[in-house]
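# Descriptive structure summary
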Amino acid sequence: MNKDDVCVLIPTLNEKTTIGPLIRELQSLGYTKILVVDGHSTDGTPVIAAELGAKVLTQTGKGKGAAMIEAFRQITEPYILMMDGDGTNPPEFADSMIEPLVSGRADHVIGDRLGSFDHGALTRLNRLGNIIMNKYFKWAHGVYMTDILSGYRGFTRDSIQKMNLSQTGFEIETEISSAVVHHNLRFEVVPTYYKKRPGSPTKLNPFRDGYKIIRAINRYGKMNNPLFHFSVLGVILGLAGFFTGIYVLFEWFKGIEHLPLTILTMLLIVTGILTFMIGLISDMILAYHREQILELEKIRAELEDLKK
């Protein structure tokens, strides 16, 4: 592994307590190309990073996602290791995070924090939220990725160029995970460790940002697993029609007719069936699309080999 081919990307916002030790440890491991993208810190974080030899970029926008997108446009190294600047992601796992990319086994690597962490690093609410998000992502996208909200990730530069990221906030990790599924990128999950934050308190609001993340999972899931979304909607409509139909039937036996409700029942049942069929057809189209993308990737690889 040539570590000069790796750019370590660290988004920061008021991380003066942790940024120095983090950069020093990365440098001791041989990672010299370190890019700190700062979100307008007021505690001197960029100054500390620059004094230690890291390249510092002050983001023009606002939010973690905006910082990452801005940084990705400037990175030229073939491999990118992204980690949080709050000291929760131990640099000692950097080599194992990059190895699947360098060996060609994966286009994207996720550092799994949930298997091992400091006492107090994740509250019960955090753990429950992560479990719910990961399970819902599996249902919505058809792929289980263990820790979709991890900020410890590895990328090839080619995979970043395929993702077309747009989320500016904490939903960025969800969008990245969704893009991996959508573009059929190879990924590996590497067990890491999650440390307790020694510096500033977390900037993530579990309820506000949790709602945004669930909304993002649902939005992108429609593109990756349409059968799940349309079938759920179809079943809900069908069940609504079934229950109203039972009520209409019982009332009919009593000699009472509900013509408007009968029409509504038929509409609900028919709409439910049609919605389910739309999901089934969309899933077939998506499967065909993925096959075509794989064929195009093979052709591109063959053309590149011929050029060499």
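Here is a short report on the structure shown in this document. For every chain, the first residue of the written sequence is number 1, and numbering continues from 1 onward in sequence order. Where local features are concerned, this predicted model is filtered to residues with pLDDT of at least 70; where side-chain atom pairs are given and counted, the filter is 80 or more; whole-chain, interface and lining totals use all residues. Excluding hydrogens and water, the side-chain values take into account all heavy atoms of the structure.

### Quick look at the environment of Asp283
Worth spelling out the cut-off: Working definition: helices are DSSP H or I runs of at least four residues, strands are E runs of at least two. Numbering for both runs from the N terminus. Whether two residues are in contact is decided by their heavy atoms, any of which lying within 4.5 Å being enough.
Position of Asp283 relative to the elements: it lies in helix H10 (residues 259–307). Along the backbone, Asp283 and Asn225 are 58 residues apart, and their C-alpha atoms lie at a distance of 6.8 Å. Asp283 has contacts with Asn225, Pro226 and Leu227, leaving out every residue within four places of it along the chain.

### Quick look at the packing of aromatic side chains
Stated formally: Note on ring pairs: Phe, Tyr and Trp rings are taken, using the six-membered ring of Trp, and paired if centres are within 6.5 Å. Classes follow the plane angle, with under 30 degrees stacked, over 60 edge-to-face and the rest tilted. Two thresholds decide whether a charge sits over a ring: the Lys NZ or Arg CZ must be within 6 Å of the ring centre and within 35 degrees of the ring normal.
Taken as a whole, this structure holds 3 aromatic pairs when the rule is applied. With 5.5 Å between their ring centres and 70 degrees between their planes, Phe242 and Phe243 make a pair best called edge-to-face. Between Arg113 and the ring centre of Tyr194, over which it is positioned, the NZ or CZ distance is 5.3 Å. One cation-aromatic arrangement involves Lys138 over Tyr144; the distance from NZ or CZ to the ring centre is 5.8 Å.

### What about the nonpolar core?
Convention followed: Only buried Ala, Val, Leu, Ile, Met, Phe, Trp, Tyr and Cys residues count toward a nonpolar core, and they belong to the same one when joined by side-chain atoms within 4.5 Å. Accessible area is worked out with a 1.4 Å probe on protein chains only. A residue is then buried under 20% of its type maximum, exposed over 50%, and partly exposed in between.
Among the nonpolar cores identified, the biggest contains 32 residues, and Leu9, Leu35, Phe72, Phe155 and Met163 are the most heavily contacted of them. At the level of secondary structure, the elements contributing two or more residues to this core comprise strand S1 (6–12), strand S2 (34–38), helix H3 (64–72), strand S4 (79–82), helix H5 (124–141), helix H6 (157–163), helix H7 (172–182) and helix H8 (208–224). Contact partners of Leu35, with chain neighbours within four places excluded, come to Cys7, Val8, Leu9, Ile10, Lys55, Leu57, Ala71 and Ile75. With 24 residues, the next largest nonpolar core counts Leu22, Val36, Tyr79 and Phe93 among its residues.

### Considerations on the pattern of salt bridges
To be explicit about the condition: Only one rule defines a salt bridge in this text: a Lys or Arg side-chain nitrogen within 4 Å of an Asp or Glu carboxyl oxygen.
One pass over the full model with this rule turns up 10 salt bridges. Note that Lys64 and Glu173 form a salt bridge whose closest N and O atoms lie 2.6 Å from each other. Residue Lys64 is located in helix H3, and its partner Glu173 is located in helix H7; the two are separated by 109 residues in the primary sequence. Of the two residues, Lys64 and Glu173, neither departs from the other in class, the shared state being buried. Close ionic contact of Arg113 with Asp147 constitutes a salt bridge, the shortest N to O distance being 2.7 Å.

### Description of the side chain of Glu173
What counts is decided by this rule: Identification of polar contacts relies on pairs of N or O atoms within 3.5 Å, with a donor-acceptor requirement for protein atoms, meaning one able to donate a hydrogen and the other able to accept it, and with residues adjacent in sequence counted only if both atoms are side-chain atoms.
Residue classification places Glu173 among the buried positions, given a relative accessible area of 3%. A distance of 2.6 Å separates a polar atom in the side chain of Glu173 from a polar atom in the side chain of Lys64. Apart from residues no more than four positions distant in its own chain, Glu173 is found in contact with Lys64, Ile148, Leu149, Ser150, Gly151 and Arg153.

### Examining unusual backbone geometry
Even without glycine at this site, Thr146 takes up a positive phi of about 70 degrees. Inspection of the secondary structure puts Thr146 in the loop between H5 and strand S6 (153–156). Overall, the relative accessible area of 22% leaves Thr146 in the partly exposed class. For Asn164, which is not glycine, the phi dihedral falls at a positive 50 degrees. Secondary-structure assignment places Asn164 in the loop between H6 and H7.

### Side note on the sheet that holds strand S3 (residues 55–58)
Rules: By this definition, two strands are paired if DSSP reports at least two bridges between them. Axes, fitted as lines to C-alpha atoms, cover a helix only where it is in contact. Angles between the N-to-C directions of the axes lie from 0 to 180 degrees.
The 7 strands are arranged S3-S2-S1-S4-S6-S5-S7 in an open sheet whose pairing can be described as mixed. Whereas interior strands pair on both sides, the edge strands pair on one side only; in this sheet they are S3 and strand S7 (187–191). The sheet shows a mean angle of 20 degrees between the axes of neighbouring strands, direction not considered. The pairing of strand S5 (residues 108–112) with S6 spans 3 bridges and is antiparallel. The residue bridging Ile110 from the neighbouring strand is Arg153, located in S6.

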